[in-house]
Amino acid sequence: MCGIIGILGRGPVAEQLVDSLKRLEYRGYDSAGVATLEGDHLDRRRAEGKLKNLEKRLAQQPLSGHAGIGHTRWATHGKPTESNAHPHATDNVAVVHNGIIENFRELRAELEKQGARFASETDTETVVHLVNSYLLKGHTPQQAVAASLPQLKGAFALAFLFKGHGDLLIGARKGSPLAMGYGDGEMFLGSDAIALAPFTDTISYLDDGDWVEITRGSGVIHDVSGAVVKRDVLKSGASSFLVDKANYRHFMAKEIHEQPEVVGHTLARYVDMGTERVMLPARLPFDFNDIQRISITACGTASYAGFVAKYWFERFARVPVELDVASEFRYREAPLRKGDLAIFISQSGETADTLAALRYAKSQGAHTLSVVNVPTSTIARESEIVMPTLAGPEIGVASTKAFTCQLMVLAALAIAAGRGRGELSEADEAKLVHGLVEVPRLIAAALTTEPQIEKLAREIAKSKDVLYLGRGTSYPLALEGALKLKEISYIHAEGYAAGELKHGPIALIDETMPVVVIAPYDRVFEKTVSNMQEVAARGGNIILMTDAKGAEEATVESLVTIIMPDMAATFTPIVYAIPVQLLAYHTAVVMGTDVDQPRNLAKSVTVE
Ligand code: F6R
């Protein structure tokens with residue numbers, strides 16, 4: 001899951017390459033590099049770590065070529081060092097790659113036997129030597145790529161630049177996304193529309209198995225059989241993406257604070273506030289009455305949104321829901337029946353495991369519905385039904401506003417399912433929609449807890465471990481709270497169903513262990529209070545997130561109580577997500593970590 005860009009420009013392209021890589025850094029930031037054609041030879045600049053290191057290198061040793069490729073890396077094969085940074089190159093050809101070449105060991109052994117000398121530990125370098133081996137036999141660049149691609153197993157998006165061919169870029173994709181951008185006397189290749197946004201909003205997405213030969217005047221696409229094919233030319237709309245932090249210190253802070261607005265936009269797309277009815281933006285090609293079972297599949301934070309939705313679908317629509325993380329779903333060959341509904345949730349719409357799960361569900365004849373934030377993404381394009389979240393671009397690696405928008409969409413869908421199956425009356429629907437309409441205002445109110453949470457974060461930052469507890473829909477939120485804290489502050493955290501505490505994790509409790517209890521005053525509140533008592537009896541420090549009534553009724557002493565706005569119990573996870581996110585954010589700020597780009601992570605996980 002790296003980001004790639006290629007440009008055939010009208011002038012020097014190094015600056016444009018870096019500009020695009022800035023937008024692609026969400027895909028990885030272990031190293032970065034560019035290569036351009038300098039006269040008749042290929043020249044590279046590469047640097048370990050963040051893009052700013054590459055920028056420094058380029059300032060010292062500029063590149064002036066008019067054709068170039070660039071890469072930002074999330075390391076899979078080989079450490080994040082300069083020698084493993086892309087582009088990888090021989091004298092004749094340079095390549096950037098997103099994905100994994102699974103058979104690289106066999107290929108490398110064979111190529112080494114033929115005399116190729118490798119300079120990195122990466123899977124990618126096999127590609128460049130393979131193509132080079134054909135060039136050395138006298139093949140043209142097009143022939144060399146066409147001969148190489150069928151030998152590559154795994155997933156890839158590739159961009160090639162060739163010595164002596166100043167007006168040629170070749171791209172290829174299988175599994176990983178790749179888009180071609182059309183300019184005026186210049187052409188582009190990139191991982192996504194965001195990468196191309198500074199230059200053009202006119203793009204074509206390559207289909208799986210396609211490869212493309214690009215000159216400044218045209219792009220000729222070949223499908224997997226080699227036949228020349230046409231792909232749709234689209235307006236991406238990505239050029240309007242605002243990618244700046246406004247006055248915030250981090251994208252994550254900005255994105256947390258955008259939630260009243262973006263959750264409100266999403267709400268407006270899914271409900272008619274006048275009639276208090278759900279109004280889905282896409283027609284459903286099935287009747288909810290015919291659905292025997294729903295399966296929900298996603299990864300990470302998106303899977304926790306799915307976990308909350310399981311409670312909603314089961315309660316509103318009385319339909320059984322199976323929830324899976326995508327990396328398990330795809331290999332356990334879950335039995336899906338023709339006509340079942342399979343829901344996939346993804347901010348990026350490019351997560352490799354979720355995409356593979358979607359393809360599996362399709363192959364089983366299930367209806368596929370995706371809840372995605374990037375409407376042009378592969379998951380969106382391959383789903384039968386798309387339910388967009390309107391969170392806008394999410395740049396911080398830790399997902400925040402996409403999560404609450406996912407919850408908003410899933411809540412509307414669950415209400416629609418309840419109505420469709422006759423489990424909810426029109427009055428029930430109106431009551432639930434009324435509750436949803438309140439959510440943006442409640443999120444804004446929840447944001448006022450920030451000064452208190454900022455103070456609390458200074459205490460949490462002293463801990464080695466933190467436990468998060470919740471019951472009902474607060475249980476998935478406890479999982480999300482723990483994930484958020486560990487990914488950006490690097491403090492170990494666990495989320496548990498509050499009732500599970502006594503089955504093991506209670507052994508961890510002592511006075512050094514903060515326990516965050518997410519407990520709105522709902523029908524399981526009393527039960528959660530009992531679990532809090534178990535924690536208090538063992539000296540654990542409780543941080544209670546509840547409402548005024550809950551604070552009054554909780555008979556247990558807490559270190560801190562965060563008082564949330566009063567609200568109907570059903571949709572509390574959308575609002576209680578706010579203090580959970582703020583606590584992780586401020587703890588990470590105290591710890592001094594790289595909040596927007598935490599170590600070892602990437603925003604879009606396009607490898608298995
Ligand atoms: C955590 C986080 C990840 C993503 C996961 C799925 O803050 O962002 O756990 O939720 O990688 O990504 P998408 O939603 O793009 O499929």
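Residues numbered from 1 in each chain as written. Predicted model: local features only at pLDDT ≥ 70, side-chain atom pairs only at ≥ 80, totals over all residues. Heavy atoms only, no water.

**Some remarks on the pairing of strand β7 (residues 154-162)**
Then comes step 1: For β7, the buried fraction is high: eight of the nine residues fall into the buried class.
Then comes step 2: With nine bridges connecting them, strand β6 (residues 93-101) and β7 associate as antiparallel partners. The residue of β7 that forms the bridge with V93 is F162.
Then comes step 3: Inspection of the sheet shows β7 paired to strand β8 (residues 169-174) by six bridges, in the antiparallel sense. The partner of A157 across the bridge, within β8, is R173.
Then comes step 4: Between the end of β7 and the start of β8, which pair antiparallel, lie six residues, with G164 showing a positive phi angle near 80 degrees. (Buried < 20%, exposed > 50% of the residue type's maximum accessible area, 1.4 Å probe, protein only. Helix = DSSP H or I, 4+ residues; strand = E, 2+ residues; numbered from the N terminus. Pairing = 2+ DSSP bridges.)

**Comments concerning the sheet that holds strand β10 (residues 187-190)**
Backbone-to-backbone hydrogen bonds pair the strands of a sheet. The strands run either parallel or antiparallel.
Then comes step 1: Pairing is antiparallel in the open sheet, where eight strands are placed in the order β3-β2-β4-β1-β10-β9-β11-β15. Both edges of this open sheet fall to β3 (41-48) and β15 (234-235), since each of them pairs with a single strand only.
Then comes step 2: As paired strands, strand β1 (residues 3-8) and strand β4 (residues 67-73) are joined by six bridges and run antiparallel to one another. Each residue of the ladder has a partner; that of G3, found in β4, is T72.
Then comes step 3: Those strands touched by helix α1 (residues 14-24) are β1, β2 (31-38), β4 and β10, and its axis lies near 155 degrees from that of β1.
Then comes step 4: This element, helix α2 (residues 51-60), spans β2 and β3 of the sheet and lies at about 135 degrees to β3. (Contact = heavy atoms within 4.5 Å. Axes fitted to C-alpha atoms, helices over the stretch in contact; angles between N-to-C directions.)

**A look at the UniProt feature "domain: SIS" (unreviewed entry) in the protein chain**
Then comes step 1: Under the present numbering, the feature "domain: SIS" (unreviewed entry) in UniProt falls on residues 284-423 and 456-598.
Then comes step 2: Taken end to end, residues 284-423 is 44% helix and 19% strand, and its first and last C-alpha atoms sit 18 Å apart.
Then comes step 3: Here residues 456-598 runs as 42% helix and 20% strand, with 21 Å between its end C-alpha atoms. (UniProt positions renumbered as here; feature names shortened; annotations may be inferred.)

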